[in-house]
Amino acid sequence: MTANISHFFDKALLAKYNTSGPRYTSYPTALEFNDSFDETQLIQAIEQSTTNELSLYVHIPFCHSLCYYCGCNKIVTRHQDKADVYLDYLIKEIEHRAPLFTQYHIRQLHLGGGTPSFLTDAQLTRLISTLKERFAFIEHAELSIEIDPREIEVSKIDELKALGFNRISIGVQDIDSKVQEAINRVQSTEFIGQLIARAKALAFDSVNVDLIYGLPHQTEETFAKTLAQVKAFDVDRISLFSYAHLPSRFAAQRKLRDEWLPNADAKLSLMRQAIETLTGYGYEFIGMDHFAKPSDELAMAQKLGRLHRNFQGYTTKGECDLLGLGVSSISAIGNSFSQNIKDLTPYYQAIDEQDHALEKGIALSKDDLIRGDVIRELMCNLFLDKQSIESKHNIVFDEYFAQELVSLQTFIDDGLVDNAETTIMVSPRARLLIRNICMSFDAYMKRHLNQQRFSRVI
Ligand code: SF4
């Protein structure tokens, strides 16, 4: 979406609405998962699902060293053999799960972490061949992996290609050395360039880089260099994340002193700079935090109103169920969400005892499904066709959501939302406030307000 960027940055509006809110990678959010959801319900959800297309997500929790900004579920270790033990258990889980999905075709596989590139070539080969043996991958399935550019050789890209990977995502974050030292993530920009060049030479379908704004010592001057470098890399997609400083929740973040961090105003300026610069370079602004070349399928999907959102962010694979494998991974199967145990030792114990590690989840009610559709449409397309919700769910939209439309009034009064007879349209000015607008349709929200369970929207 190329729009007048200055519209997004009405300071008074951003200040008025900059509360904390969910990123809505699912509705209901993971906070609503409960431990009464069990294996029987998961099997029921698989049987009742109306799709036979599947995305796989595999979580690799290990990292070689600790980045101080990190809020991910990971284990920092130099012991490569820990990954061998992990694979033993992961493969047991795969072997238990795969027979439940024999009617499914695998369209997509994503390895996330942690650091999936922590795995040696032999370990990766073992994992991928097990998955390919146990599941039916379609030809040209999308295989993607997150890469930490610090502990690998360029030849890793060749190895990934040989295993069938066609998409890579590299954690760049910021190229400034002072920023990198503060966050304990010193890495070579030149080497990242070599990795990207190799991926292009081997005709990978897509190269993504992650950036973070709001990091210690970041200024517009330093960040301009990072953004210019991204242009020089000529990547297909960019994910731009806001650093959420929550030292009481994430111990590593206590190493980042408050006085090193840009204040709220400076952080907003960094975000504005990133959006202006990247769209100025010709990237389309997708959803809340992604940028893609206009020819990229994410940008095309957004234009066609077919963008989808799941636990990995924006996607074009909205028709697929999602099976998460490995510690802490999340699944979205039929009308259910579920999550594996988050810590490694109890994960191993659960696999030993029952061959799976399902810990909690939720069977979606009719109301969850209706609200989930509304929130997803607004998050992805900034637009809602009330009639499509009415015919899909057999409701009268304005009656069903009478209460919610009242709470939407503040956005309508501020000219941010247009509530017409058959549509709800979000103004480009409200682009950065879409989470707040969606919160009006969230039936669980009242319980969580004032609890700081979510990051701020900006
Ligand atoms: S940011 Fe990535 S590489 Fe760094 S500690 Fe967290 S998961 Fe590991």
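Residues numbered from 1 in each chain as written. Predicted model: local features only at pLDDT ≥ 70, side-chain atom pairs only at ≥ 80, totals over all residues. Heavy atoms only, no water.

Trainee: What's the story with the overall build of the protein chain in this structure? I'm lost.
Mentor: A tally of regular secondary structure across the protein chain gives 18 helices and 19 strands. For the protein chain, the C-alpha radius of gyration of 22 Å lies close to 23 Å, the compact-globule estimate for 458 residues. Looking at the protein chain as a whole, 56% of its 458 residues qualify as buried. Restricting the contact set of the protein chain to residue pairs at least 6 apart, pairs at least 24 apart contribute 74%. Total accessible area on the protein chain stands at roughly 19400 Å², and carbon and sulfur atoms take up 48% of it. If you average the places of the 48 positive and of the 61 negative side-chain charges in the protein chain, the two averages end up 4 Å apart. (Helix = DSSP H or I, 4+ residues; strand = E, 2+ residues; numbered from the N terminus. Rg over C-alpha atoms; globule rule 2.2 N^0.38 Å. Buried < 20%, exposed > 50% of the residue type's maximum accessible area, 1.4 Å probe, protein only. Contact = heavy atoms within 4.5 Å. Areas by Shrake-Rupley, 256 points an atom, 1.4 Å probe, with all protein chains shown as cover. Lys, Arg positive; Asp, Glu negative; His and termini not counted. Charge placed at Lys NZ, Arg CZ, Asp CG, Glu CD.)

Trainee: How should I be thinking about the packing of helix α4 (residues 121-134) against helix α5 (residues 155-163) in this particular structure?
Mentor: When two helices pack together, their arrangement is captured by the angle between the axes and the distance separating the axes. Contact geometry of α4 with α5 gives a least axis separation of 11 Å together with a crossing angle of 15°. Taken together, the axis directions place α4 and α5 in an arrangement best described as roughly parallel. The two elements α4 and α5 meet at a crossing, and its hand is right-handed. Contact residues: Asp121, Leu124, Thr125, Ile128 and Lys132 in α4; Lys156, Glu159, Leu160 and Leu163 in α5. The residue makeup of the contact of α4 with α5, split by class, is four nonpolar, one polar and four charged. (Axes fitted to C-alpha atoms, helices over the stretch in contact; angles between N-to-C directions. Parallel < 35°, antiparallel > 145°, perpendicular 65-115°, else oblique. Left-handed = near helix turned anticlockwise from the far one by under 90°. Nonpolar A, V, L, I, M, F, W, Y, C, P; charged D, E, K, R; others polar.)

Trainee: I keep staring at the environment of Pro28 and nothing clicks. Help me out?
Mentor: Topologically, Pro28 is positioned in the loop between α1 (11-17) and α2 (39-48). Spatially, the C-alpha atom of Pro28 lies 8.8 Å from that of Phe337, the residues being 309 residues apart in sequence. When near neighbours in sequence (up to four residues on either side) are disregarded, Pro28 contacts Phe33, Phe337, Ile362, Leu364, Asp368 and Tyr444.

Trainee: How do you make sense of the site of the ligand when you look at a structure like this?
Mentor: The full set of residues close to the ligand is Cys63, Ser65, Cys67, Tyr69, Cys70, Cys72, Gly114, Thr115, Asp148, Arg150 and Arg185. For the shell around the ligand, the residue count by class is five nonpolar, three polar and three charged. (Near = heavy atom within 4 Å.)

Trainee: Teacher, can you tell me more about helix α11 (residues 344-354) here?
Mentor: Structurally, the α-helix is built with 3.6 residues per turn, so residues lying three or four positions apart point the same way. Here α11 has its buried residues at Leu344, Tyr347, Tyr348, Ala350 and Ile351. Buried residues of α11 fall within an arc of 160° about the axis and therefore sit on the same side. Among the exposed residues of α11, those pointing more than 90 degrees away from its buried face are Thr345 and Glu353. Buried residues along α11 sit against β2 (62-63), β3 (75-76), α3 (81-97) and β15 (336-340). Just beyond α11, the residue with positive phi is Asp355, at close to 70°. (Arc of directions from axis to C-beta.)

Trainee: Teacher, can you tell me more about the environment of Ala30 here?
Mentor: Topologically, Ala30 is positioned in the loop between α1 and α2. Its relative accessible area of 30% is what places Ala30 among the partly exposed residues. Through-space distance from the C-alpha of Ala30 to that of Phe337 is 8.3 Å; in sequence the pair is 307 residues apart.

Trainee: Whenever I open this one, the side chain of Ser328 confuses me. Can you help?
Mentor: With respect to the element layout, Ser328 can be found in the loop between β13 (321-325) and β14 (330-333). Among the polar contacts made by the side chain of Ser328, one reaches the side chain of Asn73 at a distance of 3.0 Å. Once you skip the residues sitting within four places of it in the chain, Ser328 turns out to touch His59, Asn73, Gln339, Asn340, Ile341 and Lys342. (Polar contact = N/O pair within 3.5 Å; in protein donor to acceptor, adjacent residues only side chain to side chain.)

It is worth stressing that arrangement in space is one thing and function is another; only the former is reported here.
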